[in-house]
Amino acid sequence: YGYIRVLMSFSMIYITYVILRNIYDLKKMIAYSSILHMNLSLFGFFSLNLIGIFGGCYLMYTHAIISGGLFI
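Calculation rules
- Residues numbered from 1 in each chain as written.
- Predicted model: local features only at pLDDT ≥ 70, side-chain atom pairs only at ≥ 80, totals over all residues.
- Heavy atoms only, no water.
- Helix = DSSP H or I, 4+ residues; strand = E, 2+ residues; numbered from the N terminus.
- Buried < 20%, exposed > 50% of the residue type's maximum accessible area, 1.4 Å probe, protein only.
- Contact = heavy atoms within 4.5 Å.
- Areas by Shrake-Rupley, 256 points an atom, 1.4 Å probe, with all protein chains shown as cover.
- Axes fitted to C-alpha atoms, helices over the stretch in contact; angles between N-to-C directions.
- Parallel < 35°, antiparallel > 145°, perpendicular 65-115°, else oblique.
- Left-handed = near helix turned anticlockwise from the far one by under 90°.
- Nonpolar A, V, L, I, M, F, W, Y, C, P; charged D, E, K, R; others polar.
- Phe/Tyr/Trp six-rings, centres within 6.5 Å; stacked < 30°, edge-to-face > 60°.

(A) Layout of the overall build of the protein chain. Secondary structure assignment for the protein chain yields three helices and zero strands. Taken from N to C terminus, the helices and strands of the protein chain fall in the order α-α-α. Each principal axis of the C-alpha distribution contributes one length, and for the protein chain these read about 40 × 25 × 10 Å. A total of 72 residues make up the protein chain; the buried ones form 21% of that total. In the protein chain, of all internal contacts separated by at least 6 residues, the share reaching a separation of at least 24 is 48%. Entry remark: accessible area of the protein chain is about 5500 Å², with carbon and sulfur atoms responsible for 74%.

(B) Highlighting the packing of helix H2 (residues 26-46) against helix H3 (residues 50-71). Remark: H2 packs on H3, axes separated minimally by 7 Å, with the N-to-C direction vectors making an angle of 170 degrees. Between H2 and H3, the angle falls in the class roughly antiparallel. Where H2 crosses over H3, the handedness of that crossing is left-handed. Taking contact as the criterion, the partners of Lys27, Ile30, Ser33, Ser34, His37, Met38, Leu40, Ser41, Gly44 and Phe45 in H2 are, on H3, Gly52, Ile53, Gly56, Cys57, Leu59, Met60, His63, Ser67, Leu70 and Phe71. Residue composition of the contact of H2 with H3, by class: 10 nonpolar, nine polar and one charged.

(C) Structural detail: the packing of aromatic side chains. Counted under the stated rule, the structure contains two aromatic pairs. Seen in terms of ring centroids, phenylalanine 10 and tyrosine 14 are 6.5 Å apart; in terms of plane orientation they differ by 15 degrees. Their pairing is stacked. Here phenylalanine 10 pairs with tyrosine 14, and both are found in helix H1 (residues 2-21), just four residues apart, close to one helical turn. Judged by its relative accessible area of 58%, phenylalanine 10 is exposed. For the pair phenylalanine 54 and tyrosine 58, a centre-to-centre distance of 6.4 Å together with 20 degrees between the ring planes defines the contact as stacked. Taken together, the residues span about one helical turn, with phenylalanine 54 and tyrosine 58 both in helix H3 at a distance of four residues.

Here it is as structure tokens:
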């Protein structure tokens, strides 16, 4: 699982820079933040313990509610 964590870490850093460059387009920022939140959820799932899995599920649930609210 080490190479997956390295790949997710690189992806999170790259997506953060992409979000900072697109500060004027809200829909793109929300789309890229969805990718970032998915990486954080996968970190929890790949931790293979109960707290990490619960944290990943909770993050996905709250992200769905907040993203849906932003598009309304």
